[in-house]
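Residues per chain, in single letters:
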Amino acid sequence: MTHINKPISSLTSPDVLIIGAGAAGLFAAIHTARINPNLNILILDSAKQVGTKILVSGGSRCNVTHHKVSPKDYAGASKNQINKILKSYTIKQTINFFEQIGISLKQEPTGKMFPTTDSARDVLNALLSECSRLGITILTNHKVSSIQPLHSRPPSSPQFEVRTENTHQFTPRTIILATGGRSLPKSGSDGSGYTLAQALGHTITNTTPALVPLTFPKGHYLTSLSGLSFDTTLTLSASTGKTIHQHSASLLLTHFGLSGPAAMDISRHFIAATQNDPHAKLTASLISDQSNHSFESLEQQLIAAAKQSPTSHLINHITKNYLAHIPGSSKLLTAIFSHHLNIDPTTPLAQLSRDHRRSLIHTLLALPLNVTGNRGWNYAEVTAGGIPLTEINLKSMSSRHTPNLHLIGEILNVDGRIGGFNFQFAWSTAYIAAQAISASID
Ligand SMILES: Cc1cc2nc3c(=O)[nH]c(=O)nc-3n(C[C@H](O)[C@H](O)[C@H](O)COP(=O)(O)OP(=O)(O)OC[C@H]3O[C@@H](n4cnc5c(N)ncnc54)[C@H](O)[C@@H]3O)c2cc1C
């Protein structure tokens, strides 16, 4: 808790009450205070300690943003809506802001940007120090349970009555709802913000875990290869065979199923697809330069190889010529041969039947991954779904249903892929709300 020597009325009747001291809430508080230092700003958070998600983010290094951000990096809302938000607070502004509060960012080869110290703790401390410098009060252990609009009040007087579970009452003029989604509920983001928003006239689209590891049925043969990781293209197809989504990145096999950027990034699409089409399928290409290898070209190559080296063992030929980019590929291939293809890996090339050759090629191009579930909210990095952007005025992040209410960050129906995109969405929406509020109240 940040204690500031302020009159008690500024705490109970703040100009701006921010609910949620996560990335979005802290950023909005700082910018509101910087633009209009006369405003009393109070942040309430249900958690004992704020900023848990910042601390655990990016493997405790906090992937603050990405060097290039575009609407294509997000799902949920329309590209046009997301573009309006991203344009209002750019990457350059993000980098400059963090530099000002003592956090220099460095760019990694993937485009991800981290603090030069590789410390998420430094990022959180810098944000909290800036809040403290600006006189922003943060009350922890204050879970908001209700927000009641006070109708027909003059603009200079309180517009809401807010109650917390510990029976405190606040009467702010403006509210920013920055309560996040449902991912990592132990951090305090337990979805209770959605109930608050619904009571104020908002709808919530279906919410599902996103950026979440995917699971196989117990005992699936690939779980025995836990730790094996390789670059692949994952393809999500409808039961009709139509491609729904493709994503190329590194895939990690684990004791429960699939993790790594490829699985995490495609998870929200897989979960959405299987809700409507339970037979939607996920496959992984095992061949790296897939675009140079069609089914036909691979078949020709295998027929030619059988003539040239008839006694070569199938597994040696495939690992050497096609899977050199996969460390541990012979283990992977042995497992696939025995559990999926039912082919003896030591079959001499010349003795490979036509049917076996064809099923092998199909598998190399698209190994079926029998994903049956996901690891749920405790392992999800973000939430897919939330409050639709159609209910928000994107110039101010204000509610179209309740005057003087603003909604920012992960509570909204937008989720980004891995790479700093979710924090950038939090920074951008927070900045828009801060600017609008600072301009509208005095
Ligand atoms: C393990 C992990 C790693 C991640 N790594 C990255 C990364 O490197 N880069 C990236 O861009 N994104 C990352 N993310 C995603 C990113 O952390 C979130 O998208 C971002 O923190 C959302 O910010 P927010 O402020 O909207 O919500 P949150 O950070 O969820 O904050 C919401 C706050 O509201 C409080 N709250 C909720 N309900 C109430 C209530 N009723 N009353 C009072 N307070 C309430 C919560 O306690 C919480 O403090 C990661 C997420 C996880 C879980």
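Quick notes on the rules
Residues numbered from 1 in each chain as written. Predicted model: local features only at pLDDT ≥ 70, side-chain atom pairs only at ≥ 80, totals over all residues. Heavy atoms only, no water. UniProt positions renumbered as here; feature names shortened; annotations may be inferred. Helix = DSSP H or I, 4+ residues; strand = E, 2+ residues; numbered from the N terminus. Contact = heavy atoms within 4.5 Å. Near = heavy atom within 4 Å. Polar contact = N/O pair within 3.5 Å; in protein donor to acceptor, adjacent residues only side chain to side chain. Areas by Shrake-Rupley, 256 points an atom, 1.4 Å probe, with all protein chains shown as cover. Nonpolar A, V, L, I, M, F, W, Y, C, P; charged D, E, K, R; others polar. Buried < 20%, exposed > 50% of the residue type's maximum accessible area, 1.4 Å probe, protein only. Pairing = 2+ DSSP bridges. Patch = residues over 30% accessible without salt bridge, like charges linked within 9 Å, V, L, I, M, F, W, Y side chains within 5 Å. Salt bridge = Lys/Arg side-chain N within 4 Å of Asp/Glu carboxyl O. Lys, Arg positive; Asp, Glu negative; His and termini not counted. Charge placed at Lys NZ, Arg CZ, Asp CG, Glu CD. Core = buried A, V, L, I, M, F, W, Y, C linked by side-chain atoms within 4.5 Å. Expected span 1.5 Å × (residues − 1). Bend = angle between axes of the 7 residues up to and from the residue. Domains from an automatic or database assignment. Buried area = accessible area lost by both parts, 1.4 Å probe.

- For the chain, an unreviewed UniProt entry supplies the name Adenylylsulfate reductase subunit alpha and the organism Poriferisphaera corsica.
- Listed in UniProt under the heading Cofactor (unreviewed entry), the comment for the chain reads: "FAD".

## What about the environment of lysine 242?
- Tracing the backbone through its elements, the reader meets lysine 242 in the loop between strand 14 (229-237) and strand 15 (243-253).
- Distance from lysine 242 to threonine 65, taken between C-alpha atoms, is 33 Å for residues 177 residues apart in sequence.
- Sequence-distant contacts of lysine 242, that is, excluding residues within four places in its chain, are made with Leu236 and Ser237.

## Description of the site of the ligand
- Looking at the ligand, there are 34 residues lining it, with Ala24, Asp45, Ser189, Glu410 and Phe423 nearest.
- In the environment of the ligand, an oxygen atom lies 2.6 Å from a nitrogen or oxygen atom belonging to the side chain of aspartate 45.
- A distance of 3.0 Å separates a nitrogen atom of the ligand from a polar backbone atom of asparagine 63.
- Contact with the protein chains covers 94% of the free accessible surface of the ligand, which is 1000 Å².
- Of all the secondary structure elements, the ones that give two or more residues to the shell around the ligand are helix 2 (23-35), helix 3 (52-60) and helix 13 (421-440).
- Ranked by residues supplied to the shell around the ligand, first place goes to helix 3 with four residues.
- A breakdown of the residues in the shell around the ligand according to their chemical character gives 13 nonpolar, 16 polar and five charged.

## Some thoughts on the pairing of strand 9 (residues 160-164)
- Of the two faces of strand 9, only the one carrying Phe160, Val162 and Thr164 is buried; Glu161 and Arg163 on the other face are not.
- Bridging between strand 8 (residues 144-149) and strand 9 involves five bridges; their strand directions are antiparallel. Bridging across to strand 9, isoleucine 147 finds its partner in valine 162.
- Sheet topology note: the strand 9/strand 10 (residues 169-170) ladder contains two bridges and is antiparallel. Looking at the pairing, arginine 163 lines up with glutamine 169 of strand 10.
- Between strand 9 and strand 10, which pair antiparallel in sequence order, lie four residues; one of them, threonine 167, sits at a positive phi of approximately 60 degrees.

## Quick notes on a positive patch on the surface
- A contiguous patch of positive charge on the surface is contributed by Lys84, Lys87, Lys395 and Arg400.
- Inspection of the secondary structure assignment puts lysine 84 in helix 4 (residues 79-88).
- On the basis of relative accessible area, lysine 84 is assigned to the partly exposed category, the value being 46%.

## Describing the nonpolar core
- Counting residues in hydrophobic clusters, the biggest one holds 81 residues, and the most contacted among them are Phe98, Leu127 and Ile147.
- For this core, the element with the highest residue contribution is helix 13, accounting for ten residues.
- With residues near it in sequence (within four places) discarded, leucine 127 still touches Leu26, Phe27, Ile30, Ile54, Phe97, Phe98, Ile101 and Trp427.
- Within the second largest apolar cluster, 50 residues are counted, among which are Leu258, Ala306, Leu323 and Ala335.

## Comments concerning the sheet that holds strand 8
- Here three strands make up an open sheet; going across it, the order is 8-9-10 and the pairing antiparallel. Each edge of the open sheet carries a strand with a single partner, namely strand 8 and strand 10.

## Some remarks on helix 8 (residues 260-276)
- For helix 8, spanning 17 residues, the distance from its first C-alpha to its last is 25 Å, which sits close to the expected 24 Å at 1.5 Å a residue.
- The largest bend in helix 8 amounts to roughly 45 degrees and is located at serine 267.
- Here helix 8 lies mainly inside the structure; twelve of its 17 residues are buried.
- Where helix 8 is concerned, the buried positions are Gly260, Ala262, Ala263, Met264, Asp265, Ile266, Ser267, Arg268, His269, Phe270, Ile271 and Ala273.

## Notes on the domain arrangement of the chain
- Domain annotation for the chain reports domain 1 (8-209 + 382-440) and domain 2 (213-375).
- Here the C-alpha centroids of domain 1 and domain 2 sit 41 Å apart.
- Each side of the interface is counted separately: domain 1 has nine residues, and domain 2 has eight residues.
- Here domain 1 meets domain 2 over a buried area of about 660 Å², counting both sides, of which 55% is carbon and sulfur.
- The largest contributions to the domain 1 side of the interface with domain 2 come from Thr208, Pro209 and Ile418, which together make up 55% of the buried area.
- Applying the counting rule to domain 1 against domain 2 returns one salt bridge.
- Residues of the side of domain 1 that touches domain 2, tallied by class, amount to four nonpolar, three polar and two charged.

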